[in-house]
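Chain and residue survey
Each chain, written out:
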Amino acid sequence: MRAGGRYVLYWAQMNRRVESNHALAYAVEVANSLKLPVLFYEGLTCSYPHANDRFHTFLLEGVPGTARCLQRRGMGYVFHLRRCRTDPNDAFYRLAADAAAVVTDDYPVFIAHDHNRSVPNKLAIPYYAVDSSCIVPMGHFTKQEYAAYTIRPKIRKVLDECLQPVKIPHVRYRFTDVLPALHTPVTKSNITGLAAACQIDHSIPPSTEYRGGHDEAKRRLRYFLENNLRRYAKLNREPSAHATSGLSPYLHFGHISSLEVALAVREYAAEHKLIADEFLEQLIVRRELAFNFARFSPSLDSLDALPNWAQRTLAEHAGDRRDPAYTREQFEHAATHDALWNATQTELLTRGVIHGYYRMYWGKKILEWSATPEEALATMIYLHDRYALDGRDPNTYTNILWCFGLHDRPWSERKIFGKTRYMNLEGMKRKTDVDAYVQEIV
DNA sequence: ATCGGCTCGCGCAA
DNA sequence: TGCGCGAAGCCGAT
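So, here is what we can say about the structure in this document. Quick caveat: nothing in here was measured; it's all calculated off a predicted structure. (Residues numbered from 1 in each chain as written. Chains lettered and ligands numbered in written order. Predicted model: local features only at pLDDT ≥ 70, side-chain atom pairs only at ≥ 80, totals over all residues. Heavy atoms only, no water.)

This part covers the protein's contact with DNA strand C. With respect to spatial proximity, 22 residues lie near DNA strand C, and among them Ala 148, Arg 286, Trp 411, Arg 421 and Lys 431 are the closest. In DNA strand C, the atoms that sit within 4 Å of the protein are 58% sugar and phosphate, with bases accounting for the remainder. Here a phosphate oxygen of DNA strand C sits 3.1 Å away from a polar atom, N or O, in the side chain of Tyr 357. Measuring from a sugar or linking oxygen of DNA strand C, one finds a side-chain N or O atom of Arg 414 at 3.4 Å. Breaking the surface near DNA strand C down by element, the ones donating at least two residues are α6 (148–162), α12 (277–296), α16 (356–368), α18 (394–402) and α19 (425–431). Tallied by class, the residues present in the surface near DNA strand C amount to eight nonpolar, five polar and nine charged. (Near = heavy atom within 4 Å. Polar contact = N/O pair within 3.5 Å; in protein donor to acceptor, adjacent residues only side chain to side chain. Helix = DSSP H or I, 4+ residues; strand = E, 2+ residues; numbered from the N terminus. Nonpolar A, V, L, I, M, F, W, Y, C, P; charged D, E, K, R; others polar.)

And the structure:
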């Protein structure tokens, strides 16, 4: 290792948290063995796709808590905000120049995946990418899984040994340097101003419901445990009951780890004699199936990623007449004939998420009412990438492609859908309180 | 209210 | 090679 390094640099690309972070724990371990402190680096640019006030605000809201937590543990912190696209984008490399080693997040897709392939070649120091996104490390699975039933037994087998709290070692060498000039202090009161000063899309406001940060995630987790875990199995498909955890934005930004959630749920369930299987199925099996898909599928945003039967059947029905047929703009503005569908889209526009069950309906109807399956897929991805706090995530892409048959099975043939699963408004009315939801949203 | 059929293919048992 | 079964389905028959 390089002798001249002044610290070990942890680069928070996806997991923007201190607690329950395997990669940060590893950074401390490396630093302790090198007799060096740890510097935690987190950047925010204005050049990511669809950069807007909603995403910026959520992410900025996590920064003060991260700063507090790091200070308590004796680690340094640089949060670098790049306000304009013309600002230099070299904060990471400037910090890496004084580092003895870099530790960052292993991640299967998007920019972090690209970084983890290209950045090490530009550095003369060790570069470690550590998986702290999943409970069973992604590397445990050697192939693309076909569906939940194929990955479930493999997860079960190793789950107990993986469900262990992350132990961040005691920091032996505290970070005492003066913070580099690259740091942007963030407080509760300057977040709005910081977002406003950035060269991003200001037409999409912060979520009306979700404030970012690990503390807020923990508050929601606590609320879920005390009020909804016992109702979850029965009511997780009743959107008006608000029985779900609402943690998906926090999981997406890495403000909380699925491991921390799973451990808390398990403990609470044991203490109160509750069955948490349904929730843990979502949190672990479904989520890690999505990461497995992201890791092994050659593409995430194309119908090519679908199983053969689904590609075949959608192609056979590509020429079916669509009636009604809507454009992306009509979908975006929640301007269809269907009040429930419009409400789901309105929830996305205002809150930045759609309830998991209605999101299936949302997607199935976009498939039904778009000129082609390809156009439907592009519309869904666009709307999630732009508005969803849990968008741009392996889960999002997997959930969207599920609407086209991914990880699902064939059903009776019908128009447009072919053999992919069909959903309709009657079913939603039969099984959920559509009116209550529509009234709440509109 | 409840049930079987729809339809493909994975992975395990044999 | 055969066989059971699978994220949230619908639909018609009973």
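Another aspect to go through is the protein's contact with DNA strand B. DNA strand B sits among Lys 143, Tyr 146, Tyr 149, Thr 150, Trp 309, Arg 312, Pro 410, Trp 411, Ser 412 and Lys 419. Counting only the atoms of DNA strand B within 4 Å of the protein, the fraction contributed by sugar and phosphate is 72%. Within the backbone of Pro 410, a nitrogen or oxygen atom sits 3.0 Å from a base oxygen of DNA strand B. At a separation of 2.7 Å, a base oxygen of DNA strand B approaches a polar side-chain atom of Ser 412. For the surface near DNA strand B, the secondary structure elements donating two or more residues are α6 and α13 (308–316). Grouping the constituent residues of the surface near DNA strand B by class yields five nonpolar, two polar and three charged.

What the five strands build is an open sheet, ordered β3-β2-β1-β4-β5; its pairing is parallel. Strands with a single pairing partner mark the edges of an open sheet, and in this sheet they are β3 (76–81) and β5 (127–130). Each strand of the sheet is rotated relative to its neighbour by a mean of 20°, with strand direction disregarded. Taken together, the four bridges between strand β4 (residues 99–105) and β5 define a ladder with parallel strand orientation. By the bridge assignment for β5, Val 102 is matched with Tyr 127. Helix-sheet contacts for helix α2 (residues 53–61) involve β2 (38–44) and β3, and the interaxial angle to β2 is about 160°. (Pairing = 2+ DSSP bridges. Axes fitted to C-alpha atoms, helices over the stretch in contact; angles between N-to-C directions. Contact = heavy atoms within 4.5 Å.)

The nonpolar side chains of a soluble globular protein tend to be buried, and buried together. In terms of nonpolar packing, the biggest core is built from 78 residues, with Phe 79, Leu 229, Val 265 and Phe 279 touching the most fellow members. Beyond its immediate chain neighbours, meaning those up to four positions away, Phe 279 contacts Phe 224, Leu 229, Tyr 232, Ser 245, Val 261 and Val 265. By size, the runner-up hydrophobic cluster in this structure holds 55 residues, among which are Leu 303, Tyr 361, Ile 366 and Ala 376. (Core = buried A, V, L, I, M, F, W, Y, C linked by side-chain atoms within 4.5 Å. Buried < 20%, exposed > 50% of the residue type's maximum accessible area, 1.4 Å probe, protein only.)

Look at helix α15 (residues 339–350) against helix α20 (residues 434–441): their axes get within 9 Å of each other, and the N-to-C directions meet at 45°. Classified by the angle between their axes, α15 and α20 sit oblique to one another. Classified by chirality, the crossing of α20 by α15 is left-handed. Contacts between α15 and α20 involve Ala 339, Leu 340, Ala 343, Thr 344, Thr 346 and Glu 347 from the first element and Val 434, Tyr 437, Val 438 and Ile 441 from the second. Looking at the contact of α15 with α20 residue by residue, the class counts come to seven nonpolar, two polar and one charged. (Parallel < 35°, antiparallel > 145°, perpendicular 65-115°, else oblique. Left-handed = near helix turned anticlockwise from the far one by under 90°.)

Its 14 residues give helix α8 (residues 214–227) an end-to-end C-alpha distance of 20 Å, which sits within 8% of 20 Å, the value for a rise of 1.5 Å per residue. Within α8, burial applies to His 214, Glu 216, Ala 217, Arg 220, Leu 221, Phe 224 and Leu 225. (Expected span 1.5 Å × (residues − 1).)

Turning our eyes to something else, we now look at unusual backbone geometry. Here the residue pair Asp 323 and Pro 324 is connected by a cis peptide bond, since its omega of 5° sits within 30 degrees of zero. Along the chain, Pro 324 falls in the loop between α13 and α14 (328–332). The backbone phi angle of Ile 416 is positive, close to 65°, even though this residue is not glycine. Along the chain, Ile 416 falls in the loop between α18 and α19. The buried category is assigned to Ile 416, whose relative accessible area is 6%.

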